[in-house]
Amino acid sequence: MTAFLLRRLIQAAAVVLVMSLLVFLGVFAVGDPIEILISPEADQFERERAVKALGLDLPLWQQYLVFLGNALRGDLGRSFVFNEPALKLILERMPATLELAIGATVAALIIGLPLGLYAGLKPNSPVSKGIMATSILGFSLPTFWVGLMLIMVFAVQLGWLPSTGRGETVTILGMRWSFLTRDGIAHLIMPALNLALFKISLVIRLTRAGVRETMLMDYVKFARAKGLSPARVTFVHVFKNILIPVVTVVGLEFGGTIAFSVVTESVFAWPGMGKLIIDSINVLDRPVMVAYLMMIVLLFITINLVVDITYSLLDPRVRLEGKQ
Amino acid sequence: MLTFAPLGLPRDKMTVFRHAAGLAAGLAIAGLALEPAAAQTLTMGVGAPVTSIDPHYHQLSPNTAVAEMIFSALTETDSRARITPDLAESWRPVSDTVWEFKLRQGVTFHNGSPFTAEDVAFTFERVPKVPNSPSSYAIYTRPITRVEIVDSYTLRLHTASPYPLMPTDLASVMILDRETHANATTEGFNAGPMAVGTGPFRMVSHRNGDRIEFERNDNYFGPRPAWSRVTYRMITNDAARTAALLAGDVDVIDQVPTSDLAKLRGDQRLTLAETTGLRVIFLSFDHVRDDASPFVTDNDGKPIPRNPLRDPRVRRALSTAIDRNAITERVMESAALPAGQFLPEGSFGYVPGLNPPRFDTEAAKRLLAEAGFPGGFRITLHGPNDRYPNDARIIQAIGQMWTRAGVRTAVEAQPWTTFVGRAARQELSAFLIGWGTSSGEASNPLRNLTATFDREKGYGASNRGRYSNPEADRILEQAMRELDDAKREALLQQATRLAMEDVGIVPLHIQKNAWAMRRGFAMEARADELTRAQDVRPAAAR
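Residues numbered from 1 in each chain as written. Chains lettered and ligands numbered in written order. Predicted model: local features only at pLDDT ≥ 70, side-chain atom pairs only at ≥ 80, totals over all residues.

**A look at unusual backbone geometry**
The phi angle of most residues is negative, glycine excepted, and most peptide bonds adopt the trans form.
Residues and elements named next belong to chain B.
Phase 1 of the analysis: Its identity is not glycine, yet Gln-255 carries a phi of approximately 45°, on the positive side.
Phase 2 of the analysis: Here Gln-255 is to be found in the loop between β11 (252-253) and α10 (258-265).
Phase 3 of the analysis: Here the phi dihedral of Gln-426 falls at roughly 55°; this positive angle occurs in a residue that is not glycine.
Phase 4 of the analysis: Considering the arrangement of structural elements, one finds Gln-426 in the loop between α15 (416-424) and β17 (430-436). (Helix = DSSP H or I, 4+ residues; strand = E, 2+ residues; numbered from the N terminus.)

Structural data, given as structure tokens:
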């Protein structure tokens with residue numbers, strides 16, 4: 001296990017280094033931040049001053065080395081726009097995105113697993129067919145459209161939920177969380193559901209496929225022959241086995257949810273990292289873009305690692321392989 | 001200071017009286033209104049994120065709007081962009097190179113620190129020194145060579161040469177307090193402790209990119225704002241902003257999308273505040289190259305050895321071929337006015353009678369033939385697709401109009417971040433771009449858009465097509481030394497006329513600005529697009 005972890009960490013470091021170069025080059029190629037940031041009324045003298053102040057007068061390789069040197073010391077640069085450390089800006093926004101992503105994942109499991117289980121156990125019932133047909137919608141409807149429809153129905157027409165934004169927050173461990181207040185939950189429901197929509201469909205389909213496959217296995221047949229109650233067969237023997245693919249996919253999806261919650265965050269004016277990154281791209285705030293992408297790279301590497309470890313906990317075969 | 005002591009007492013009494021009157025009025029209103037608590041709070045939804053609370057860090061309209069709620073400058077622009085007093089009560093040039101400002105007395109900062117001429121001097125020192133500023137306000141303070149403090153409330157600003165724009169420029173420079181802000185950092189402003197000004201509101205909290213909360217500054221020297229608390233929310237998605245208004249989560253929104261205007265206008269629960277803005281949308285041409293221009297070819301796709309866009313007849317033909325009314329009425333859904341110059345009617349330097357050319361495809365064809373292009377040519381028209389309302393659709397419409405006049409036009413719309421760099425590097429032949437004249441007077445677009453690119457003079461920095469007209473330059477420079485307003489306006493009109501008759505740029509339209517609000521709210525719509533809480537008030541009861 002230690003060798004495995006060590007190998008994975010070295011791989012991770014290499015990936016981070018290569019990514020930093022790619023990200024830096026990519027961000028550099030998009031455009032000139034000075035043209036975007038500077039007041040159009042600024043004269044040539046002022047433009048030259050700004051180029052110098054932001055360190056954009058250096059050649060690209062030098063800019064990269066400066067960035068790398070600072071990054072090794074834990075400094076990912078200062079935002080051009082906010083004049084604050086890029087990392088601080090991102091971390092400030094992180095709780096908002098995390099609670100949105102966790103909310104979406106929890107919703108996906110709470111809604112998706114029972115529905116998928118039902119559809120798998122009773123594949124021919126009209127309800128199951130309805131569930132499966134609806135899940136196609138969840139896959140294919142664009143997030144921004146569903147988000148706007150949710151707002152139109154639940155906020156504008158019915159007035160049940162607030163349309164946009166994040167609710168009241170409480171500070172825990174120096175970070176602001178909104179899921180602990182009533183107002184915060186009210187604000188969280190729609191964006192989390194919107195973000196979960198795709199995932200719910202995914203979980204339904206994975207669960208259903210898993211159940212249908214597992215039900216035909218010999219050990220299930222044996223368990224039933226032994227006279228175990230259907231509930232025990234379903235929830236102990238079947239359920240445990242279908243969890244492996246579900247955990248893998250939901251785990252990987254979780255990274256994607258955090259990294260790409262951009263659309264939901266901008267439709268619901270949710271002040272998370274996704275909104276920060278899209279605003280930063282719009283004004284070519286390079287340090288924030290680079291820092292964000294580096295964070296996401298780290299996040300994916302960590303999630304993959306966690307998924308691997310969870311695997312070994314869920315599936316004894318993986319554990320045994322490791323021991324040999 | 002002693003001389004002002006006797007004045008102090010009555011002024012304090014005045015304040016007390018005003019408070020008492022305000023309280024009485026408040027009670028009267030509270031007695032009548034059904035929801036007295038709600039009546040005093042305002043929630044605004046704005047479309048562009050505020051990036052900094054430091055008023056000297058990043059020049060950007062949303063930042064200016066918020067700065068004008070917390071801070072004050074020596075002068076201010078009113079809703080029609082005319083200069084009015086703010087912290088300065090009056091000003092005049094005492095000689096060709098000296099401006100004298102008389103300051104308002106008895107003003108205090110939010111923390112009680114008094115405002116004096118020392119604070120102005122301190123502010124002018126700080127402005128160019130703000131570290132890492134991506135767009136400094138130093139362009140407004142640089143003409144000042146020396147600040148002379150005559151007394152606590154009189155200030156003389158010395159310049160190297162006559163500088164008529166001093167009162168205009170200083171409207172952008174928010175005054176800070178020498179005591180409070182001596183070591184203020186941009187982070188200090190964003191976090192809150194340094195957000196101390198003399199403006200109508202105090203900042204209570206700031207959540208970057210999300211919302212800013214304000215409360216009324218009861219000691220404000222100007223008109224008392226109608227709101228005791230204001231929430232300023234940033235909702236960048238157009239549809240979400242409109243939905244937030246319809247759901248009643250916000251009371252006012254800005255940047256109403258043109259496609260929603262008709263629907264919102266018909267909604268009984270809402271009202272709109274609209275006004276002609278100061279942003280002109282125009283086409284710019286490649287004036288750099290005498291030989292082949294990168295996106296101009298003949299009808300067979302081969303480069304043309306001479307750049308047709310250098311010929312004023314070709315430029316006039318292209319302008320004549322555009323049906324501006326069709327664009328403003330259909331593409332812009334009447335949220336714009338056809339334009340033949342930089343500014344709307346009523347602005348300083350507006351040229352009466354300088355109208356856009358009458359749309360005439362045949363006349364355009366004749367002009368092209370005269371210029372030696374009877375069969376026209378091919379061109380690619382570039383533009384942004386995420387910057388101005390309907391920008392990509394406008395260039396598509398123009399592409400069709402030009403093609404009808406014989407200039408076969410391809411259209412390429414790109415994201416602003418990519419597009420603007422290409423335009424600034426003179427990589428394009430013809431492109432659409434906009435200009436907001438926040439100062440509301442004509443020297444601003446003349447200096448930046450059509451004056452010859454000149455690093456030493458600091459002119460033409462946004463002249464991306466590199467148009468050059470020495471005669472217009474000469475008149476502009478004369479105007480920039482002219483302290484007499486009437487004479488200066490005449491010169492600016494003359495320079496504008498020269499640049500427009502030579503078709504240096506092709507103005508298309510001037511945008512209208514629109515805010516939508518729930519019934520029961522009223523707002524003074526500003527030409528400069530700023531969304532400020534002090535401009536909103538409860539609608540008069542009917």
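**Things to note about the interface of chain B and chain A**
Phase 1 of the analysis: Taken together, the contact pairs 44 residues of chain B with 48 residues of chain A.
Phase 2 of the analysis: Elements supplying a minimum of two residues to the side of chain B that touches chain A: α5 (138-141), α8 (186-191), β10 (229-234), α9 (238-246), α15 and α16 (443-450) of chain B. (Contact = placed C-beta atoms within 7 Å.)

**Observations concerning the environment of Thr-380 of chain B**
All names here are of chain B.
Phase 1 of the analysis: Relative to the helices and strands, Thr-380 resides in strand β15 (residues 378-384).
Phase 2 of the analysis: The sequence separation of Thr-380 and Ala-240 amounts to 140 residues, and the corresponding C-alpha distance is 35 Å.
Phase 3 of the analysis: Here Thr-380 is in contact with Phe-295, Ala-410, Glu-412 and Ser-429, once residues within four sequence places are set aside.

**Details of helix α5 (residues 86-121) of chain A**
Phase 1 of the analysis: Its 36 residues give α5 of chain A an end-to-end C-alpha distance of 50 Å, which sits within 8% of 52 Å, the value for a rise of 1.5 Å per residue.
Phase 2 of the analysis: Helix geometry: α5 of chain A is bent most strongly at Met-94 of chain A, by close to 40°, with proline Pro-95 of chain A lying one to four residues after it. (Expected span 1.5 Å × (residues − 1). Bend = angle between axes of the 7 residues up to and from the residue.)

**Re the environment of Tyr-220 of chain B**
Residues and elements named next belong to chain B.
Phase 1 of the analysis: By secondary structure assignment, the location of Tyr-220 is in the loop between β9 (211-216) and β10.
Phase 2 of the analysis: With 19 C-beta atoms packed within 10 Å, Tyr-220 lands in the partly exposed category.
Phase 3 of the analysis: Beyond its immediate sequence surroundings of up to four residues, Tyr-220 is in contact with Gly-199 and Pro-200. (Buried ≥ 20, exposed ≤ 12 C-beta atoms within 10 Å, placed from the backbone.)

**A word on the packing of helix α8 (residues 182-215) of chain A against helix α10 (residues 230-259) of chain A**
Residue and element names in this part refer to chain A.
Phase 1 of the analysis: Packing of α8 against α10 brings their axes to within 9 Å, and their N-to-C directions diverge by 155°. Relative to α10, α8 is oriented roughly antiparallel. Regarding α8 and α10, the two cross each other, and that crossing is right-handed. Together, Leu-195, Lys-199, Leu-202, Val-203, Leu-206, Thr-207, Gly-210, Val-211, Thr-214 and Met-215 of α8 and Val-238, Asn-241, Ile-242, Pro-245, Val-246, Val-249, Val-250, Glu-253 and Thr-257 of α10 make up the contact between the two elements.
Phase 2 of the analysis: Taken together, the residues of the contact of α8 with α10 sort by class into 12 nonpolar, 5 polar and 2 charged. (Axes fitted to C-alpha atoms, helices over the stretch in contact; angles between N-to-C directions. Parallel < 35°, antiparallel > 145°, perpendicular 65-115°, else oblique. Left-handed = near helix turned anticlockwise from the far one by under 90°. Nonpolar A, V, L, I, M, F, W, Y, C, P; charged D, E, K, R; others polar.)

**Comments concerning the packing of α5 of chain A against helix α6 (residues 126-140) of chain A**
For any two helices packed against each other, the geometry is given by the interaxial angle and the distance between the axes.
Residues and elements named next belong to chain A.
Phase 1 of the analysis: Here α5 crosses α6 at 130°, and the two axes come no closer than 9 Å. Judged by the angle between their axes, α5 and α6 are oblique. Considering only the axes of α5 and α6, their crossing is left-handed. Across the interface between the two elements, Leu-115, Tyr-118 and Ala-119 of α5 pack against Ser-128, Ile-131 and Met-132 of α6.
Phase 2 of the analysis: Considered class by class, the residues forming the contact of α5 with α6 number 5 nonpolar, 1 polar and no charged.

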